[in-house]
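So you can see what is in the structure, the chains are spelled out below.
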Amino acid sequence: MKKIGKMIFGGLGSKIFNLCFVLVVVAISAFAVIGIIQLRSLSMMTEENGKRQAEVIKDQSQKTLMAETENHLLSVVKANAKNVDGEFWTLKHDFNVLAMQIQTIFDHPDQFVDKEILPPDKKNGGKISAQLMMADVKKGADKESLSILRKIANLEPMMKEIVEGNNEYTMDCIVALPSGVSLVVDSMADQKFEEDGSIKDYDARQRPWYKGAKETKQQFFSPAIHSFFYNLTEVVFGTPIYVDGKLVCVLEGSMKLDTLQQVLSETKAGETGFSVLINDQAQIIYSPIKEGDLAMDREMSISAYETSSNEVRHLVQTAMFGETGFKSLTMNGIKYYAAYAPVSTVKWTLLMFIPEDELNDETEALLGKVDMVATETRDKFNENFKASSNLTLIVLLILLLNAIITSIYFARRIIRPIDAMTKKVESITGDNLEFEVEDIYKTGDEIEVLANAFSNMSEQTRNYIEEIMHIQAEKERIGAELNIATMIQVDMLPTVFPIYPDRHEFEVIASMNPAKEVGGDFYDIFLIDDDHLALVIADVSGKGVPAAMFMARAMTSIHDRTMMGGTPAEILTAVNNRLCENNKQKLFVTAFLSILTISTGELIEANAGHEYPAIRRKDKDFEIIKDQHGFVMGLAPNMKHTDQTFKLDPGDTLFLYTDGVPEATNADEELYGIDRMTEALNLEPGAKPERLLEIVKEQVDIFVGEAPQFDDLTMLSITYNGSNEREEL
């Protein structure tokens with residue numbers, strides 16, 4: 001091709017110009033035909049490219065949405081399963097603390113006064129109260145059972161707090177003796193009467209939770225059962241308590257199933273997603289489905305295995321292994337994405353479903369907009385094309401010269417931007433969706449409209465992809481902030497050891513490995529004066545930010561009061577009264593406080609419901625010292641604590657810990673226990689405090705494996721070297 005001036009010879013424009021000279025009509029007709037062919041070709045190419053682009057958008061969107069759906073649904077089901085499990089775990093933890101207090105009463109009954117227990121009173125209906133229930137009201141209760149039950153009644157404030165503090169879930173708290181006499185704490189005193197006004201007989205020994213706890217000799221969770229007193233369904237668990245190998249009572253707690261079901265009905269993913277909860281016997285505890293696979297009847301008698309769908313049955317079988325996973329399946333004729341996670345404490349399983357169609361709505365909506373823009377562009381293009389054709393014919397009839405000039409004008413105006421747009425459209429791929437309106441497309445007609453449509457479509461696509469990336473970045477930011485909060489809590493504790501490098505009379509070290517959430521364990525080590533060293537280790541009930549704040553308050557109170565002087569028992573009594581003030585959430589803390597006289601090795605300690613200490617005499621093994629337990633702090637003011645004195649000789653080592661050590665749980669829901677902890681302490685005879693903590697942590701990690709850590713793991717150890725150690729050095 002050659003270019004002379006503004007004319008290009010040998011190209012399409014030149015051919016149109018030459019035809020006009022030969023025959024204007026033929027030239028105009030040829031121009032019209034070429035224009036129609038080009039425009040039709042562009043229209044077809046636009047439609048084909050729209051389809052290709054829609055396929056690229058759909059493919060990329062589906063892949064992105066699928067990955068995001070799996071990650072999102074897994075994170076949601078894990079979080080919701082953890083929330084459900086947290087309620088069971090918190091309740092289990094509180095009842096374990098209560099069981100320890102009951103155990104203390106059985107071990108030291110002479111240290112507790114008798115408290116009167118009254119039978120149910122209809123006036124107490126709706127109020128939380130303690131009531132005496134018997135297997136045979138007419139026969140009554142024996143004196144021995146009444147005597148021990150009246151001593152246990154000292155725990156009534158703690159039992160009321162457990163029921164009241166978890167009133168959305170917990171129905172009652174019962175201590176049942178083997179003789180058939182029970183102490184019941186609930187708000188349903190008016191529902192324990194026969195029609196004639198007499199008190200109902202209540203034999204706890206015949207209830208599933210009592211039988212299960214007695215048979216398994218460990219904490220037992222029952223399946224969903226109908227309540228004896230209340231017209232509702234509940235999940236009940238029993239905790240057996242033994243003295244010298246003999247069952248002395250079973251501690252019961254029940255959870256309202258309708259409250260749990262209401263929470264689950266509001267727990268869903270997306271607009272139409274839903275949750276299904278099944279227990280370890282495949283009993284459907286909650287499901288919004290009324291008919292078909294995974295439907296739930298009012299009596300909850302249907303098993304999740306009662307389905308004709310192999311896909312659903314396989315999903316339930318896989319989920320009940322206690323694993324977390326994601327799967328797509330067809331259920332009741334609808335395609336779903338499903339995620340599942342275990343509720344570990346009770347060995348239940350939570351499943352969440354979201355219809356596949358809901359996830360495809362965004363992609364389909366985007367494709368619909370693309371199709372709409374393309375259709376509108378083609379319609380406008382066709383309308384303008386017809387008008388241009390008619391105008392060309394009129395110009396042909398009026399003036400031949402004008403027709404020639406017009407043919408040249410249209411050859412340059414139409415062909416050139418169309419060719420440029422065709423090349424640009426062909427270069428668009430899945431990785432490059434950008435289309436910019438360049439000056440060549442600004443023709444003021446349907447070509448400019450089409451170019452603007454392409455530009456808008458590419459911008460909407462890029463914005464959609466950027467929005468997905470922004471959502472992912474926000475999730476990562478929230479996770480980083482939670483990690484920082486946990487680090488701030490740990491930084492409150494002394495972590496640089498040796499804490500007193502110039503003191504050689506003792507070697508002391510402590511550590512805390514927090515759970516995933518902000519927790520409530522703490523320890524403290526400080527010199528009261530030159531000859532007295534204070535050692536503190538404690539565990540706050542509950543979890544999260546409230547527990548962390550209560551932990552800071554308790555830690556500061558113990559430190560400040562200890563520096564004021566007094567015995568450990570006096571200090572804990574004073575701190576308990578301070579913590580009871582403005583404690584509206586009824587949080588409580590177990591604590592072990594000891595004061596070591598460095599010059600003599602005398603150690604005075606007081607125990608407020610905390611774990612028993614372990615001591616190793618020089619050249620001997622560790623053994624558990626069952627010291628006298630006092631009441632936990634924060635619930636009842638003016639509670640007295642007792643000082644106990646030990647003599648540490650040079651070479652003796654003391655080991656303190658929170659319940660996160662013996663209650664560490666593996667994937668089989670088995671507790672680590674005191675016996676395993678003692679074996680770990682004795683693995684390396686004569687080990688220094690730092691090595692002792694390393695050994696216990698290593699053994700706990702091996703036992704727990706991949707199971708999640710629900711509680712803080714806190715330990716403290718001190719070896720007494722003797723008052724002359726510094727002089728010898």
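First, a word on scope: everything that follows refers to the structure included in this document. Positions within a chain are numbered from 1, following the residues in the order the chain's sequence is written. Per-residue local features of the predicted model are confined to residues with pLDDT of at least 70, and side-chain atom pairs are confined, for both listing and counting, to 80 or more; whole-chain, interface and lining totals are unaffected and use all residues. Hydrogens and water molecules were not included; the side-chain quantities draw on all heavy atoms of the structure.

1. What about the sheet that holds strand β13 (residues 334-343)?
And step 1. With antiparallel pairing, the 5 strands of this open sheet are ordered in space as β11-β10-β14-β13-β12. This sheet does not close on itself; its edge strands, each paired only once, are β11 (284-286) and β12 (325-331). Going across the sheet, the axis of each strand differs from the next one's by a mean of 30 degrees, ignoring polarity.
And step 2. DSSP calls a pair of strands paired once it identifies at least 2 bridges connecting them. Under the scheme used here, helices are H or I runs from DSSP no shorter than 4 residues and strands are E runs no shorter than 2 residues, and both carry numbers assigned from the N terminus. Sheet topology places strand β10 (residues 274-278) next to strand β14 (residues 348-355); 5 bridges connect them, and they run antiparallel. Its bridge partner lying in β14, Ile278 is registered against Thr349.
And step 3. In what follows, a contact means two residues having at least one pair of non-hydrogen atoms within 4.5 Å. Lines fitted to C-alpha atoms define the axes here, with helix axes fitted over just the stretch in contact, and angles between the N-to-C directions of these axes take values from 0 to 180 degrees. Contacting β10, β12, β13 and β14, helix α7 (residues 310-319) runs over the sheet at an angle of about 160 degrees to β12.

2. What to know about the packing of helix α11 (residues 544-563) against helix α12 (residues 568-580)
And step 1. At their nearest, the axes of α11 and α12 sit 10 Å apart, and the two run at 140 degrees to each other. Considered as vectors, α11 and α12 are oriented oblique to each other. Judged by the sense of rotation from one axis to the other, the crossing of α11 with α12 is right-handed. Contact with α11, carried on its side by Phe550, Arg553, Ala554, Ser557, Ile558, Arg561 and Thr562, involves Glu570, Ile571, Ala574, Val575, Arg578 and Leu579 of α12 and no other residues of that element. Any angle that is under 35 degrees is reported as roughly parallel, and any over 145 degrees as roughly antiparallel; angles of 65 to 115 degrees are reported as roughly perpendicular and all others as oblique. Here a crossing is called left-handed whenever its near helix is offset anticlockwise from the far helix by less than a right angle, and right-handed whenever the offset is clockwise.

3. As for empty space enclosed by the protein
And step 1. Buried and open spaces are told apart on a 1 Å grid over the protein atoms alone, a cavity being a set of points where a 1.4 Å probe fits but cannot get out and a pocket being an open set with protein on both sides within 12 Å along at least five of seven lines. Residues with an atom within 4 Å of a point are the lining residues. Grid points are joined across faces, edges and corners, and a volume is the space filled by probe spheres set on the points. Scanning all chains against the criterion turns up 6 cavities of 30 Å³ or more.
And step 2. Reported here for the largest cavity is a volume of approximately 120 Å³.
And step 3. Contributing to the lining of the largest cavity are 14 residues, with Val97, Asp539, Thr590, Gly609 and Asp659 lying nearest its centre.
And step 4. Looking at the lining of the largest cavity, the elements with two or more residues in it are α2 (24-107) and β17 (532-540).
And step 5. When residues of the lining of the largest cavity are assigned to their parent elements, the largest contribution, 4 residues, is made by α2.
And step 6. Residue composition of the lining of the largest cavity, grouped by class: 4 nonpolar, 6 polar and 4 charged. In this classification, Asp, Glu, Lys and Arg are treated as charged, Ala, Val, Leu, Ile, Met, Phe, Trp, Tyr, Cys and Pro as nonpolar, and every other residue, Gly included, as polar.

4. Let's talk about the packing of aromatic side chains
And step 1. Centres within 6.5 Å make a pair out of two Phe, Tyr or Trp rings, where for Trp the six-membered ring is used; the pair is then stacked when the planes are under 30 degrees apart, edge-to-face when over 60, and tilted otherwise. For the structure on display, the rule yields 11 aromatic pairs.
And step 2. With 6.0 Å between their ring centres and 70 degrees between their planes, Trp209 and Tyr210 make a pair best called edge-to-face. Just as Trp209 is buried, Tyr210 falls in that class too.
And step 3. Aromatic side chains Phe655 and Tyr657 sit 5.7 Å apart centroid to centroid with 20 degrees between the ring planes, which places their arrangement in the stacked category. Comparing Phe655 with Tyr657, the two get one shared label, buried.
And step 4. Taken together through their ring pairs, the aromatic side chains of Phe88, Phe95, Phe221, Phe237 and Trp348 make up a single cluster. Here's how the labels work: a residue is buried when its accessible area is under 20% of the maximum for its type, exposed when over 50%, partly exposed in between, all with a 1.4 Å probe on protein chains only.

5. What about the packing of helix α13 (residues 673-681) against helix α14 (residues 689-704)?
The description of two packed helices rests on the angle between their axes and on the distance between the axes.
And step 1. As a packed pair, α13 and α14 sit with axes 9 Å apart at the nearest point and diverge in direction by 135 degrees. The angle between the axes of α13 and α14 places the two elements in the oblique class. Crossing angle aside, the handedness with which α13 passes α14 is right-handed. Residues Arg676, Ala680 and Leu681 of α13 pack against Leu692, Ile695, Val696, Gln699 and Phe703 of α14.
And step 2. Split into classes, the residues belonging to the contact of α13 with α14 amount to 6 nonpolar, 1 polar and 1 charged.

6. Brief notes about the sheet that holds strand β25 (residues 713-720)
And step 1. What the 5 strands build is an open sheet, ordered β15-β25-β24-β20-β21; its pairing is antiparallel. Edge strands, defined here as strands with exactly one partner in the open sheet, are β15 (506-513) and β21 (622-624). On average, each strand axis in the sheet is inclined to that of its neighbour by 15 degrees, with strand direction left out of account.
And step 2. Lying on the sheet, α13 is in contact with β20 (614-616), β21 and β24 (653-657); it crosses β21 at an angle near 155 degrees.
And step 3. In the packing of α14 onto the sheet, the strands contacted are β15, β20, β21, β24 and β25, and the crossing angle to β25 comes to about 150 degrees.

7. Details of the pattern of salt bridges
And step 1. Throughout this description, the term salt bridge denotes a Lys or Arg side-chain nitrogen within 4 Å of a carboxyl oxygen of Asp or Glu. Per the stated rule, a full pass over the model turns up 15 salt bridges.
And step 2. Between Lys151 and Asp114 there is a salt bridge, with the nearest N and O atoms lying 3.2 Å from each other. With a gap of 37 residues between them, Lys151 in helix α3 (residues 143-152) and Asp114 in the loop between α2 and β3 (129-134) connect regions that are remote in the sequence.
And step 3. Classification of Asp114 by relative accessible area gives partly exposed; the value is 46%.
And step 4. The partner of Glu670 in a salt bridge is Arg676, and the shortest N-O contact between them spans 2.7 Å.
And step 5. The partly exposed category is assigned to Glu670, whose relative accessible area is 35%.
And step 6. You can call Arg676 partly exposed: its relative accessible area is 31%.
And step 7. Among the charged side chains, a salt-bridge network with shared partners connects Glu684, Arg691, Glu694 and Glu698.

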